[in-house]
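# Coordinate inspection notes
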Amino acid sequence: MTVYNFSAGPAVLPTPVLEQAQSEFTDYQGSGMSVMELSHRSSFFDAIIKDAKKRLRELMNIPDNYHILFLQGGASLQFSMVPLNLAQNKKALYVNTGSWSKKAIGAAKMLDNVAVEVIASSEEDNFTYIPDITPDMIDQDAAYLHITTNNTIVGTAFQTIPDAGKVPIVADMSSNILANDYNVEDFGIIYAGAQKNIGPAGLTVVIIRDDLLGLCEVNEPMLDYKIHTEANSLYNTPPTFAIYIAQLVFKWLQDLGGLPEILKQDQEKAQLLYDAIEKSSIFTSPVRQDSRSITNIPFVTGDEELDKKFNAEALAAGFENLKGHRSVGGMRASLYNAFPKEGVTALVAFMEKFEKENGGA
Ligand SMILES: *Cc1c(COP(=O)(O)O)cnc(C)c1O
């Protein structure tokens, strides 16, 4: 049975990448060793990490005044590292668009010397839309404005990046990095856990503008962006195998034609599913039309028993991890870059069949 993995993360990886990793699993390029066994100071690994950074820079058009860091601790550690490095004795602005935003806000609030201000929120409407952010809402003395560009659980995404004036925008881009047409120069910091759209869990990508380094005294080397930057992400042992897989994923994306091409494919996949939801008499999207994500697409029947039935039958038919997040219910299809279009076509056909069998018009 063909299995389609709709997981929100850790998520599907490109089959050619997995196959290449398999083919050189025990002997990396004639070294006689697995990548997992290589020293992070070896010339083999040096080539891997340099190539991974170079390819990511090319893919996202990252200017020279931005550093790429490969860290650990997940996107969740960035919730603390960002305010520690940027906002001590200052004000930090947040937009609250879902559970991950709330966690970022909570982590910043735990720091005694950071003044957290939530300038907009869609919580009163179950986070089903992205609030408008206008320049007059941004205190120009703030250390940064934090946004979650794509809200993995509720399925919303910023369609455009707000104008924050001279205040740097810090973005949690965990679930739509490499699946958007944002401009890196509109951000001060971009961070993302790798396990959604980049590679395996264990790697966190941070892209940081040079002038944001060394602003605060951090006094904890592992939490200091400046130290990681000066050490080229080799201050301590980085997650070597995860970086290697990320390198292969970046190469795979470039061979496909880079971001414009992959974004076109992502939009086509999302459109197929949104069209099916619009057409359906039993499925609906809980998300406002102008705020919809192309990487995480929740849908519901409005009837918990029917959702349960759909999820059970879908699972039996090879649609893995479609069950919605417990806070939204229903279903959620995560359609990251590596998710094949055939999987969306198959899901749409399955939804139509289910609808016919279950009293849909
Ligand atoms: C998954 C996710 C996180 C948490 O990432 P970890 O790497 O598990 O810490 C944070 N933010 C967003 C938007 C996510 O999707």
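Bear in mind the structure is a predicted one, so any value in this text is a computation, not a measurement.

## Side note on empty space enclosed by the protein
- Under the criterion given, the structure shown has one cavity of 30 Å³ or more.
- Volume-wise, the largest cavity comes out at about 60 Å³.
- V12, L13, P14, K196, N197, I198, V249, W252, L253, Y336, N337 and A338 are the residues that line the largest cavity.
- Each residue belonging to the lining of the largest cavity can be placed in one class, and the counts come to nine nonpolar, two polar and one charged.
- Residue contributions to the lining of the largest cavity reach at least three from each of two domains, namely domain 1 (4-11 + 258-357) and domain 2 (15-255).

## Some details on the pairing of strand β10 (residues 204-209)
- With six of six residues buried, β10 lies mostly within the body of the structure.
- On β10, burial covers both faces: T204, V206 and I208 on one face and V205, I207 and R209 on the other are all buried.
- Inspection of the sheet shows strand β2 (residues 66-71) paired to β10 by six bridges, in the antiparallel sense. Residue pairing for β10: Y66 is matched across the bridge by R209.
- In terms of strand pairing, strand β9 (residues 189-193) meets β10 through five bridges, oriented antiparallel. Within β10, the position partnered with I190 by the bridge is I207.

## Re helix α9 (residues 341-357)
- With 17 residues, α9 should cover 24 Å at 1.5 Å per step; its first-to-last C-alpha distance of 25 Å lies within 8% of that length.
- Along α9, the residues that are buried comprise G343, V344, L347, V348, F350, M351, F354 and E355. For α9, the arc enclosing every buried residue in end-on projection is 165 degrees, short of the 170-degree limit, so these residues lie on one face. Facing away from the buried surface of α9 by more than 90 degrees, the exposed residues are E342 and K356.

## Concerning helix α4 (residues 99-109)
- Residues of α4 that are buried: S101, A104, I105, A107 and A108. Projected down its long axis, α4 shows its buried positions confined to an angular sector of 160 degrees, all on one face. Those residues of α4 that are exposed and angled more than 90 degrees off the buried face are K103 and K109.
- The inward-facing, buried residues of α4 contact α3 (74-86), β3 (90-96), β4 (114-121), β5 (144-148) and β6 (150-151).

## What about the site of the ligand?
- In the neighbourhood of the ligand, 13 residues make up the surrounding shell, with S76, T152, D172, Q195 and K196 lying closest.
- One of the side-chain nitrogen or oxygen atoms of D172 is found 2.6 Å away from a nitrogen atom of the ligand.
- Summarising the interface, the protein chains cover 87% of the accessible area of the ligand, which totals 390 Å² for the free molecule.
- Element by element, the count of residues in the shell around the ligand is highest for α3, at four residues.

## A word on the domain arrangement of the protein chain
- If you check the domain split of the protein chain, you get domain 1 (4-11 + 258-357) and domain 2 (15-255).
- Computed from C-alpha coordinates alone, the two centres of domain 1 and domain 2 are separated by 26 Å.
- Summed over both partners, the interface of domain 1 with domain 2 comes to about 2100 Å²; 56% of that surface belongs to carbon and sulfur atoms.
- Ranking the residues of domain 1 by area buried against domain 2 places L259, S291 and N337 at the top, with a combined share of 24%.
- Where domain 1 meets domain 2, there are zero salt bridges.
- When residues of the side of domain 1 that touches domain 2 are traced back to their parent elements, those giving at least two are α7 (258-279) and β11 (296-299).

## Quick notes on the packing of α3 against α4
- Where α3 contacts α4, the two axes come as close as 8 Å, and the packing angle between them is 45 degrees. Taken together, α3 and α4 sit at an angle that is classed as oblique. As for how α3 packs across α4, the hand of that crossing is right-handed. Residues S76, F79, S80 and P83 of α3 pack against W100, K103, A104, A107 and A108 of α4.

## Remarks on the UniProt feature "binding site: L-glutamate" (unreviewed entry) in the protein chain
- Residues annotated by UniProt as "binding site: L-glutamate" (unreviewed entry) correspond here to R41.
- In this structure, R41 sits in the loop between α1 (15-23) and α2 (43-60).
- Of the residues examined, R41 reaches a relative accessible area of 53% and is grouped as exposed.
- Contacts of R41, omitting those with residues within four sequence positions, involve L234 and Y235.
- Polar side-chain contacts of R41 include one of 3.4 Å to the side chain of H40.

## Describing the sheet that holds β3
- A sheet is described by the order of its strands in space; here seven strands give the open sequence β2-β10-β9-β8-β5-β3-β4, paired in mixed fashion. Pairing within the sheet leaves two strands with one partner each, and these edge strands are β2 and β4. Across this sheet, the average inter-strand angle for adjacent strands is 20 degrees, counted without regard to direction.
- Relative to strand β8 (residues 169-172), β5 runs parallel, the two being bridged by four bridges. Pairing of T148 across the sheet is with D172, part of β8.
- Contacting β2, β9 and β10, α2 crosses the sheet at an angle of about 130 degrees to β2.
- Packing against the sheet, α3 makes contact with β2, β3, β4, β5, β8, β9 and β10, and its axis sits at approximately 155 degrees to β9.

What counts, and where the lines are drawn
- Residues numbered from 1 in each chain as written.
- Predicted model: local features only at pLDDT ≥ 70, side-chain atom pairs only at ≥ 80, totals over all residues.
- Heavy atoms only, no water.
- 1 Å grid on protein atoms, 1.4 Å probe; cavity = no way out; pocket = protein on both sides within 12 Å on 5 of 7 lines; lining within 4 Å.
- Points joined across faces, edges and corners; volume = space filled by probe spheres on them.
- Nonpolar A, V, L, I, M, F, W, Y, C, P; charged D, E, K, R; others polar.
- Domains from an automatic or database assignment.
- Buried < 20%, exposed > 50% of the residue type's maximum accessible area, 1.4 Å probe, protein only.
- Helix = DSSP H or I, 4+ residues; strand = E, 2+ residues; numbered from the N terminus.
- Pairing = 2+ DSSP bridges.
- Expected span 1.5 Å × (residues − 1).
- Arc of directions from axis to C-beta.
- Contact = heavy atoms within 4.5 Å.
- Near = heavy atom within 4 Å.
- Polar contact = N/O pair within 3.5 Å; in protein donor to acceptor, adjacent residues only side chain to side chain.
- Areas by Shrake-Rupley, 256 points an atom, 1.4 Å probe, with all protein chains shown as cover.
- Buried area = accessible area lost by both parts, 1.4 Å probe.
- Salt bridge = Lys/Arg side-chain N within 4 Å of Asp/Glu carboxyl O.
- Axes fitted to C-alpha atoms, helices over the stretch in contact; angles between N-to-C directions.
- Parallel < 35°, antiparallel > 145°, perpendicular 65-115°, else oblique.
- Left-handed = near helix turned anticlockwise from the far one by under 90°.
- UniProt positions renumbered as here; feature names shortened; annotations may be inferred.

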